[in-house]
Amino acid sequence: MDAVARGKYGEIAIIKQGATYEDVQTALHSRITVCTYDSFARIAPVSDGDLIICDEIHELLSGYGMPDKRPKYEFLFGQLLAAKNVLCISATPPDFLREYGFKYVEVVAGQSNTVQLTPITYKGKIQHELARLLPTLDFGNHQYLIRLNNLRLIEQLVCGFKGLPEGQVAVLSSGSKEVAGGVYRSITDTKLIPDEVRLVFTTSLIDCGVDLYNERLRVVLAEHENEQLSVANALQFMARARRIPLLPVSVYKQERKGKAFDRDAAYRALCKFAQGECHALNALNAQYQQLSPYLSKGSYCYRESAKYSTYNSEVHLYEVNRLTIHYEVEQAAIRSTATADFFSQLEAEGHIEMRGGEQVRVARTPETDELDRTAKAIRKSAEEQALEFVDSGCANTLFTALYHATRDLGLRQRIVRLEYDVRVSAEATMLQENHQRLFDDQAALHVFRNYLKLQERHIAPEGIVPLMREHRGNRKFGDLLVRIDTLERIKLCDRLPPADRRDVERILRHKRAIEEKVTGSASINSKTGNRVTADTITDAVNSDRDTAIMLTKDKAMRLFRILFETDVVVVKENGKTVKYFGIVADNTDVPAGDGTGDNKIMQH
């Protein structure tokens, strides 16, 4: 249905994404209001007589990892706790709601389908294994649904697979939702994958809330190298097929040994830390509690007080952000689960039958090497073309064309926030018509997003593309953003809200602790002074940290390199290679730059 709101003063109103304020107000006059989690944040707080029915309640945690959704989910969580009448529904309900007095009632289906699950533990690159698998599938007799939550890898596989005509292969992702006549529309409208489509790749888009009535369907779940597939997500996805009494499913899971993790202890430790932070913040004079002339942005890296506490303007107090804590504990538990335990938990489900098990070592072959080379060349070409576009000096025309060409709502919102004039122009229309393929390319879109992220951080326009070229790759670019955001908070400490200020003060204490341990570069090069290793630096950082927020060596060393320009000496000791670190310069003392060199990062 295209209407954003329906049922003016009627029995039922539906609020959809994009609804206006007037649409929402009209809908609230109806006896029943239906909306998404995102739209719920636009509705006034519930009253005592209201009943909230929250479907797919597991989404409260599984979807919380997306930064733009967090404030909306936190509002929903607060309303669920405040309301007197609440019914939550899920096939995989999260346990943490018991803590808040929710009663759990199990509804047993009179008849349920059985999943015949083949567990496959693999080591290597999943795209290579799937590339080997695709030519062996029986597309004549079956349709195949493959979940691979990485659009770049999906595009690589689709590009390299020649076993089906283009019209018989479909890709489902957030960008395909609004395509008129597309497969996603067909699934949501008819609950069927069109018969002519024999192979469907999907991201996590249809993990829940979608039914499939196709009766000759085979399902594959493939965890990629940067993913931690949870039992709940696997169960939800396997339940999409509703009309197959005996559903064959293959699940590829990376080989992991797992580690011991005490969920309750981790939760208690984080709550104790957050309560201490809230106590300290609430001891401040009220006028300072809510003082926030500068609202910090960016990730929550090195921002523990700001992450685990939130200011409640109604009661004028800081409160523990428990939803964040529940989410982080859940993610830590998923990361610590061994592959064997993952499959054991699935086997414990009454409707799942295990069929043997396989151990796969994905070997490199000339074919897989060629697949990687081709994908890399295509991706690099798209990235380079996108970089040339943003470096051409016609940013407004480019982002106007991109605004009208892309279906990525988050990207469009970012373009508007940066005040680009998105009104249609002849130049933008011509650019869109000539380069629509580039505007649909995921590698190119990634470049455009990163450009806007740096622009949001007030990097001088002439310095953005050089920085992007220097920090290619997700890890390097992510480190760059963390560095910019952390140094910015340090520079503007006096203007930060109290929780962020406590985080900066903690970082500055780490800085002083490091300075006491680490000497200058000249000292380590001449083998004099305090030659320190990464372990020493990590210990110095964690000496002033609560047990609940200890940094790993990787994060401690990243903070070290943010605070200081560093040098390293590599030596052989007792037959082993040892790295010693020293300080060249203090990055926090660098003044705002003139637009040249590395000071572009700090230009505001």
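All figures in this text were calculated on a predicted structure; none of them were measured in a lab.

When helix α23 (residues 534-542) is considered as a whole, its buried residues turn out to be Ala-534, Ile-537, Thr-538, Ala-540, Val-541 and Asn-542. Looking at the packing, one finds that the buried side of α23 touches α21 (498-517), α24 (553-563) and β16 (576-586).

This part covers a nonpolar patch on the surface. Side chains of Leu-51, Ile-53, Leu-87 and Ile-89 sit close together on the surface and give an oily, nonpolar patch of about 380 Å² of accessible area. Those elements that place two or more of their residues in the nonpolar patch are β3 (51-55) and β4 (85-89). Relative to the elements of secondary structure, Leu-87 occurs in strand β4.

This paragraph deals with unusual backbone geometry. In this structure, Glu-56 takes a positive phi of about 55° despite not being glycine. Tracing the sequence through the fold places Glu-56 in the loop between β3 and α3 (59-62). Since its relative accessible area comes to 17%, Glu-56 is described here as buried. The phi dihedral of Tyr-302 is positive, around 60°, even though this residue is not glycine. With respect to the helices, strands and loops of the structure, Tyr-302 is situated in the loop between α10 (286-289) and α11 (304-308).

In this section: the packing of aromatic side chains. Evaluation of the coordinates by the stated rule reveals 17 aromatic pairs. Measuring from ring centre to ring centre gives 5.5 Å for Phe-77 and Tyr-100, while their planes differ by 85°; the resulting arrangement is edge-to-face. Remark: Tyr-100 occurs in the loop between β4 and β5 (114-123) and Phe-77 occurs in helix α4 (residues 70-82); sequence separation between them is 23 residues. For Phe-77, a relative accessible area of 7% puts it in the buried group. Given the relative accessible area of 24%, Tyr-100 is considered partly exposed. The ring of Tyr-213 carries Arg-243 above its face, with NZ or CZ at 3.7 Å from the centroid. Between Arg-412 and the ring centre of Tyr-403, over which it is positioned, the NZ or CZ distance is 4.4 Å.

To continue, consider the environment of Gln-156. Note on placement: Gln-156 falls in helix α6 (residues 151-160). It is 32 Å that separates the C-alpha atoms of Gln-156 and Gln-345, two residues lying 189 residues apart in sequence. Leaving out residues up to four positions away in the same chain, Gln-156 has contacts with Gln-127, Leu-371, Asp-372 and Ala-375.

Attention now moves to the state of the cysteines. Tallying each qualifying case throughout the model produces 0 disulfides. Just so you know, Cys-54 is unpaired, no disulfide at all, and the nearest cysteine sulfur is the one on Cys-88, 5.0 Å from it. Of the residues examined, Cys-54 reaches a relative accessible area of 4% and is grouped as buried. There is no disulfide at Cys-493, and the cysteine sulfur nearest it, in Cys-301, is 17 Å away.

The final tally for this structure, using the stated rule, is 39 salt bridges. For Glu-99, the salt bridge goes to Arg-322, with nearest N and O atoms at 3.6 Å. A residue pair is termed long-range when its members are at least 10 positions apart, and Glu-99 in the loop between β4 and β5 and Arg-322 in helix α12 (residues 322-335) qualify at 223 residues.

Before going further, it helps to examine the confidence of the model for the protein. Of the residues in the protein, 91% reach a pLDDT of 70 or more, and the chain-wide mean stands at 87. Below a pLDDT of 50 lies the segment residues 591-604, which in the model reaches 29 contacts outside its immediate sequence neighbourhood of four places, other chains included.

It is worth spelling out the packing of helix α16 (residues 409-417) against helix α18 (residues 442-456) at this point. Two quantities define a packed helix pair, namely the angle between the axes and the distance from one axis to the other. Running from amino to carboxyl end, α16 crosses α18 at an angle of 35°, the nearest separation of the two axes being 11 Å. The handedness of the crossing between α16 and α18 comes out as left-handed. Contacts between α16 and α18 pair Leu-411, Arg-414, Ile-415 and Arg-417 from the former with Leu-445, Arg-449, Leu-452, Lys-453 and Glu-456 from the latter. Here the residues of the contact of α16 with α18 are counted per class, giving 4 nonpolar, no polar and 5 charged.

Thresholds applied
Residues numbered from 1 in each chain as written. Predicted model: local features only at pLDDT ≥ 70, side-chain atom pairs only at ≥ 80, totals over all residues. Heavy atoms only, no water. Buried < 20%, exposed > 50% of the residue type's maximum accessible area, 1.4 Å probe, protein only. Helix = DSSP H or I, 4+ residues; strand = E, 2+ residues; numbered from the N terminus. Contact = heavy atoms within 4.5 Å. Patch = residues over 30% accessible without salt bridge, like charges linked within 9 Å, V, L, I, M, F, W, Y side chains within 5 Å. Areas by Shrake-Rupley, 256 points an atom, 1.4 Å probe, with all protein chains shown as cover. Salt bridge = Lys/Arg side-chain N within 4 Å of Asp/Glu carboxyl O. Phe/Tyr/Trp six-rings, centres within 6.5 Å; stacked < 30°, edge-to-face > 60°. Lys NZ or Arg CZ within 6 Å of the ring centre and 35° of its normal. Disulfide = S-S within 2.5 Å. pLDDT = per-residue confidence, 0-100. Axes fitted to C-alpha atoms, helices over the stretch in contact; angles between N-to-C directions. Left-handed = near helix turned anticlockwise from the far one by under 90°. Nonpolar A, V, L, I, M, F, W, Y, C, P; charged D, E, K, R; others polar.

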